[in-house]
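Chain residues, written in single-letter form:
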Amino acid sequence: MPYLAKIVHGSQLIVHRLSMQNHSSKNKIRLSDNFDPKAIESKWPFGKAQGKQDYDPGVIEPKWQKVWEEERLYQPDIKRSKNPFYNLMMFPYPSALGLHVGNIYAFVGSDIHGRFKRMQGFEVFEPIGLDGFGIHSENFALKVGEHPMDLSKKTESAIYAQLRAIGNGFAWFHKLETYISDYYKWTQWIFIQLFKRGLAYRAEADVNWCPSCKTVLADEQVVRKSEARNQISEKSEIRNPKSEIWVCERCGTEVQKRKLEQWFFKITNYTDRLLLGLEKIDWSEKVKVAQRNWLGKSEGLLLKFESDIESYSQVEVFTTRPDTLFGVTFMALAPEHPQVIKILDKSKGLLRLQIQKYVTDSIRKPESERIGLAEAENQKAREVVKTGIKTSFHCTNPVTGKRVPIFIADYVLMSYGTGAVMGVPAHDQRDYLFARKYQIDIVEVVKPAGPVGSFPPDTRTAHQISQQTFTDYGVLVNSGEFNGLNSQEAIKAISDFAVKKGFGVKKVMWHLRDWIISRQRYWGAPIPMIFCQSCEKAGKSWFTTVEAKKQKKLPISSHEMAGWPASNTSRSDAGWYPVPESGLPVELPYIKNFKPTGTGVSPLATDPNFVKVKCPDCGSEARRETDVSDTFLDSAWYFLRYPSVSLPENSANQQVSRSVNQSISKSADRKVSKSEIPAYRNAEKQIHRHSEFSENLPWDRQITKRWLPVDMYIGGAEHSVLHILYSRFLWKVFYDFGYFDFSAKNPNGQLGGPAKMPASGWEEPFSKFRAHGLLISEGAKMSKSKGNVVLPDPYIEKFGADTLRTYLMFCGRFSEGGDFRDTGIEGMHRFLKRVWRLVMSAGPVTTFPPASAQSSQPSKPSQSSEPFDLRAVGGPSSRATRISSGALHLMHKTIKKVSEDIENLRYNTAIAAIMEWVGTLEKRAVGSSELIDQRQGRKELRTMNYELITQEEVRTLLLLLAPFAPYMTEELWSRLAGNQVTGASGKNKSGKPSSIHNTPWPKYDPKVSESEKIELVVQVNGKVRDRIIVDRGIEKEDTQRLVLDLKNTQKYVSGKKPKKVIFVKDRLINIVI
RNA sequence: GCCGAAGUGGCGGAACUGGCAGACGCGUAGCUCUCAAAAAGCUAUGGACCUUGCGUCCAUGUGGGUUCGACUCCCACCUUCGGCACCA
């Protein structure tokens, strides 16, 4: 028996029984605020069969979670996928017991894109894992007073439970945690491969040292004092952000530098390729810029200045401004400069003592003091004071032949360039300040360009003028034969001259330094190296072994000057051996007192069982390296591992994996018990067997070829330099080592099926990267100290994950972030409830022509605007299946908008478009319903006239909404389909159950998505005076004729002849008088 | 200091390649339903003005400019947020 169930707004609900028999008042629900779904259920034709009618995320979300996991809905066929799409989101690092909404925001944004791609027919691989090793997690453990190994189990289950609840389409079988030895075994393996090829080396370097905590700090643990200061005092008279003092994140003590032996990765061998690669990839522009800056390529000239320190000795300097060479009036050496020792040797008496004192003092000084911020002469012009000491030696300016004094000055950094600077006080701010202090000559050699007298339009800022330095390019003066050239020409000419005369070489300098890999901490992957003292004495190392001699030599590009002068890092390989690969993993021992030792040595050194080992070469007593590797190494290759984490082949009689077990027990609250997730059994055991690939690699070549490079990588902009740069570096290393099978020759990958051919080529791991914005809370960045960290759990509890997801995406443009507010999320919940009601009412009924609808009297015009008049839409019989052209247009327009917006990660406007469309659908559903007065002023709603929502519209609506609200749309979809999605029957082409989430994304017809009629703007002299509705595509002449008749337009034109008429097709006409 | 992004109602934010500023949502006000409240719905909502209209004027950080027309492009400045920084 056909029923018409019709929802009007909110709880004002009417059920019509379409059959004329039994048409009694019983079947009408009186319009009442006391809407009780239970009371209505008996009258609801679908209610009994399919459960409760109102939207209850607390029930449907756990239900679908379970179904999706059982059905492996989000598990692509990793080995045979024909149309792979690798949708990657940066995995989280646990630094709290759970994730906050800011993290959730990022994951949801990535998931929506993945779901969209899946519906577009791609087999989407969306893996998840935990970056659980490292400083953040260790600090969290220190803070809560638990051992990181124990704590990691808790955070793991908590985070996985959250990530499950949020409704993302993760391929859970591929999850990985960096602190599980099955993973870090390979992290160690990677270290060894780099060592064997000379890309990992040991050298002395400066590290951050906190004298209060007595520990070495990683760079990330060192923060600017200004950050700490904000909390101390709100008085912001200290407005100069330049007064940067670096302090310990935890105790606020100023950090010092200490020299310690460290392990390095020779990333500087790859500077050129890292820079060039940026050209090809589709990344957020700001991330590319950040990487370029970090690489910091600068081209210049390496110059030799003759010096009288010793006979025939020279001082090398690097400059990007050879055009200022004639203005050199002094030479400044860093206190650590190798020649300083000779200067000391040759100096005498008091001067010698003074130099010695200066050098030792400045080397010992903490960074900030060395940078030396002085009190301002006036409040605004604070400046850095330069200190230095004059020596008795001189250099000769190679072009002027003048002798200039050599200074030792600590504003010169040993870590950049050659550790020596040619002083050009007239054209360098620092040199100027130094020269002024030590009464050094200032010789101007560059003048601002432009005709004399036509100034001020020179490019100097007021500040520069007041400091009497001109640092921009200009025209040369006082420069001999080069006078009159502009700076660009002079740079070239003087460089050529220097090269020709033999005192200069063109050089490229980089900002990028080698990557310090070692950390003197506990919670990380032990560096798999062994040191043997007797081998060291014998001058032996792995490089003297037979194995080493067989090692293929890598074509290593030479970057001798790559920002890393050898003088600062003397490599010391002697005595070092990698742990034999059969000995991997080097398990991280459980050390009770894992706190940083304060001696600059990792806590691992306190475990003799760990340290003591036999030398793999000579067999004598040796010791293990006790440093652990930087977390960035763990995360630099995880995306390569994901696809190759194997699937369990069968799920029977195995133990449930530890971590899955935990997350399930956590999620038991949400009505999913572990017995209900057979698919998760055995995950860990299988992972353990994982990739004993025929060849000893952390990944399967064929799988890797199929899935990589990553198609879409989404993550925070804060990782846009280090993490992504390191990943790119390692990728290139693996590529060079021959660990991939990508090949231009064999793009179709006969061995492993279709390899993807990314536009960016094979040498980049992430074809596309987009940085998401920052979600703030109540107008401020979420931080524990501000106490405005928002957790997702209460919101999921209250409104469901769908509401939270959709709301988060509605907060603002995904790339820009947004502001999370409580009141906003309620609005989104309202919206989803409206959709629910609309679909529940409109959906099932549309297959039945509403026989009674036409029998109602024609309506009076309703007070609400009615966009589509029923009378214009053909006969009643056509209503159920046919859609009016206006409605069709709106649908296609919405599909177009939503499709384009999701593609471009503009989720906020996609949601807005859906909302708009839902609004019009609702109005149509209401039609000209009106309230009819009955006795005693009681009112009853009777539906008089309306246009039904077609099945196609309902389908489309659900499909468009599916990426945002996956649970709700799945539930409604299954109800509409009248079958359980999980039914064995319903499998789609890819063999997945016919869930809404692998139903094809709706298509739009570009013609239909444009309306036939458009509103054209009528302007007179550029001001809007009228609007007119015309046919799309109307021509200028016709428009003009129409427009001149308009009343308001006439008022302004008033018969005058237009000077000019501007016509923009389908947009506006502008009459200029 | 350098690099990057941004500045729009009471609030979050829309606005394509220069073409209707304020979509969508929140909030607020009035109304409907109710004994009442909640929920839900309807209407209005940048400011000013009057002659209340298919009305006019002013409005997108500030000041200029280009243009028939500027949130959008150009110049200068102010502010905020990210990143880098004695990088020679």
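Residues numbered from 1 in each chain as written. Chains lettered and ligands numbered in written order. Predicted model: local features only at pLDDT ≥ 70, side-chain atom pairs only at ≥ 80, totals over all residues. Heavy atoms only, no water.

## Here we look at the overall build of chain A
Looking only at helices and strands, chain A has 35 helices and 39 strands in total. Per-residue burial for chain A yields a buried fraction of 54% across its 1073 residues. Across chain A, contacts joining residues at least 24 apart in sequence account for 76% of those joining residues at least 6 apart. (Helix = DSSP H or I, 4+ residues; strand = E, 2+ residues; numbered from the N terminus. Buried < 20%, exposed > 50% of the residue type's maximum accessible area, 1.4 Å probe, protein only. Contact = heavy atoms within 4.5 Å.)

## Side note on unusual backbone geometry
Most peptide bonds adopt trans geometry, and most residues besides glycine take a negative phi value. The omega torsion across Leu584 and Pro585 is 0°, close enough to zero to call that bond cis. The topology assignment puts Pro585 in the loop between strand E25 (576–578) and helix H19 (608–611). The omega angle of the peptide bond from Leu708 to Pro709 is 0°, so this bond is cis rather than trans. Here Pro709 is to be found in the loop between helix H24 (701–707) and strand E29 (712–716). Unlike most non-glycine residues, Tyr312 shows phi in positive territory, near 60°. Looking at the secondary structure, you find Tyr312 in the loop between strand E13 (298–307) and strand E14 (313–319). Positioned with a positive phi, Asn478 is a non-glycine residue whose angle comes to about 50°. Position of Asn478 among the secondary structure elements: in the loop between strand E20 (475–476) and helix H16 (487–501).

## Examining the environment of Lys185
By secondary structure assignment, the location of Lys185 is in helix H7 (residues 181–196). Of the residues examined, Lys185 reaches a relative accessible area of 17% and is grouped as buried. In the structure, Lys185 is positioned 513 residues away from Pro698 in sequence and 9.0 Å away in space, judged by C-alpha atoms.

## Re the packing of aromatic side chains
Each aromatic ring pair is characterised by the separation of its centres together with the angle its planes make. Using the criterion set out here, one finds 63 aromatic pairs in the structure. When the ring centre of Trp68 is taken as reference, the NZ or CZ atom of Arg115 above it lies at 5.4 Å. A cation over an aromatic ring shows up here: Arg164 above the ring of Trp172, its NZ or CZ 4.4 Å from the ring centre. (Phe/Tyr/Trp six-rings, centres within 6.5 Å; stacked < 30°, edge-to-face > 60°. Lys NZ or Arg CZ within 6 Å of the ring centre and 35° of its normal.)

## Brief notes about the pattern of salt bridges
Summed over the entire model, instances satisfying the criterion amount to 38 salt bridges. Across the pair Glu922 and Arg834 runs a salt bridge whose closest N-O atoms are separated by 3.0 Å. Of this pair, Glu922 sits in helix H30 (residues 907–926) while Arg834 is found in helix H28 (residues 822–842), placing the two residues 88 residues apart along the sequence. Beyond isolated ion pairs, a larger network of salt bridges with shared partners links Lys63, Glu971 and Arg975. (Salt bridge = Lys/Arg side-chain N within 4 Å of Asp/Glu carboxyl O.)

## What about the packing of H7 against helix H25 (residues 722–737)?
The N-to-C vectors of H7 and H25 enclose an angle of 65°; their axes lie 12 Å apart at closest approach. Regarding H7 and H25, the two cross each other, and that crossing is left-handed. Of the residues in H25, those touching H7 at Ile190, Gln193 and Leu194 are Phe729, Leu730, Val733, Phe734 and Phe737. (Axes fitted to C-alpha atoms, helices over the stretch in contact; angles between N-to-C directions. Left-handed = near helix turned anticlockwise from the far one by under 90°.)

## Things to note about the sheet that holds strand E3 (residues 84–89)
As summarised here, the arrangement of the five strands in space is E4-E3-E29-E30-E12, forming an open sheet in which the pairing is parallel. Strands at the two margins of the open sheet, each flanked by one partner only, are strand E4 (123–125) and strand E12 (282–283). Here E29 pairs with strand E30 (residues 768–772) via four bridges, running parallel. Residue pairing for E30: Ile714 is matched across the bridge by Arg770. (Pairing = 2+ DSSP bridges.)

## Observations concerning the nonpolar core
Within soluble globular proteins, side chains that are nonpolar tend to cluster in buried spots. Counting 183 residues, the largest nonpolar core has Leu194, Trp515, Tyr638, Phe639, Leu804, Met809 and Phe820 as the members making the most contacts within it. Grouped together as the second largest cluster of nonpolar side chains are 36 residues, Val404, Met422, Leu476 and Ile494 included. (Core = buried A, V, L, I, M, F, W, Y, C linked by side-chain atoms within 4.5 Å.)

## Some remarks on the pairing of strand E37 (residues 1023–1031)
Both strand E36 (residues 1013–1020) and E37 contribute to a ladder of eight bridges, which runs antiparallel. Bridge pairing in E37 links Val1018 to Asp1026.

## Structural notes on the sheet that holds strand E26 (residues 612–614)
Here we have four strands laid out as an open sheet, ordered E25-E24-E27-E26, and antiparallel in their pairing. The outermost strands of the open sheet, each flanked by one partner alone, are E25 and E26. Taken over all neighbouring pairs, the strand axes of this sheet differ in orientation by 40° on average, direction set aside. Of the strand pairs in this sheet, strand E24 (residues 529–531) and strand E27 (residues 621–624) are connected by two bridges, and their pairing is antiparallel. In the sheet register, Ile530 faces E27, and the bridge partner there is Arg624. Against the sheet, H7 touches E24 and E25, its axis set at about 130° to E25.

## Looking at the confidence of the model for chain A
Summarising the model, chain A shows a mean pLDDT of 74, and 71% of its residues fall at 70 or more. Confidence over residues 1–52 falls short of pLDDT 50; this stretch has 83 contacts with residues more than four positions distant or in other chains. A low-confidence stretch, residues 843–880 (pLDDT under 50), is modelled with 59 contacts involving residues beyond four sequence positions or located in other chains. (pLDDT = per-residue confidence, 0-100.)

## Examining helix H5 (residues 135–144)
Listed in full, the buried residues belonging to H5 are Ile135, Ser137, Glu138, Asn139, Phe140 and Ala141. The elements touched by buried residues of H5 are helix H6 (148–165) and helix H20 (631–635). Downstream of H5 by a residue or two, Gly145 has a phi angle that is positive, lying close to 70°.

## Focus: the side chain of Lys768
With respect to the helices and strands, the residue Lys768 is situated in strand E30. Within the buried set, Lys768 has no salt-bridge partner at all; the shortest N-O distance to an opposite charge, 4.1 Å, is to Asp282. Each residue touching Lys768, except ones within four places of it in the same chain, is listed here: Asp282, Trp283, Val710, Asp711, Met712, Tyr713 and Glu903. (Lys, Arg positive; Asp, Glu negative; His and termini not counted.)

## Looking at the state of the cysteines
Applying the stated criterion across every chain, the model contains zero disulfides. Here Cys618 is not disulfide-linked; the sulfur of Cys532 is the nearest cysteine sulfur, at 3.5 Å. Residue class for Cys618 comes out partly exposed when judged on its relative accessible area of 35%. (Disulfide = S-S within 2.5 Å.)

## Description of the packing of helix H10 (residues 285–295) against H25
Between H10 and H25, whose axes approach to 10 Å, the crossing angle comes to 75°. With respect to H25, the axis of H10 lies roughly perpendicular. Residue-level inspection shows Gln291, Trp294 and Leu295 of H10 in contact with H25, the latter providing Leu722, Ile724, Leu725 and Arg728. Here the residues of the contact of H10 with H25 are counted per class, giving five nonpolar, one polar and one charged. (Parallel < 35°, antiparallel > 145°, perpendicular 65-115°, else oblique. Nonpolar A, V, L, I, M, F, W, Y, C, P; charged D, E, K, R; others polar.)

## Here we look at the pairing of strand E7 (residues 200–210)
Of all eleven residues in E7, nine are buried; the element is thus mostly enclosed. With ten bridges connecting them, E7 and strand E11 (residues 256–265) associate as antiparallel partners. Of the residues in E11, the one forming a bridge with Ala205 is Leu260.

## Structural notes on helix H29 (residues 885–903)
With 19 residues, H29 should reach 27 Å at 1.5 Å per residue; the first-to-last C-alpha distance of 27 Å fits that figure. Those residues of H29 that sit buried are Ala887, His889, Leu890, Met891, His892, Thr894, Ile895, Val898, Ser899, Asp901 and Ile902. A positive phi of about 60° marks Leu905, the residue just after H29. (Expected span 1.5 Å × (residues − 1).)

## Structural notes on the environment of Asp822
For Asp822, the position within the fold is in helix H28. Judged by relative accessible area, Asp822 falls into the partly exposed class, the value being 40%. Distance in space between the C-alpha atoms of Asp822 and Phe639 is 35 Å, their sequence separation being 183 residues.

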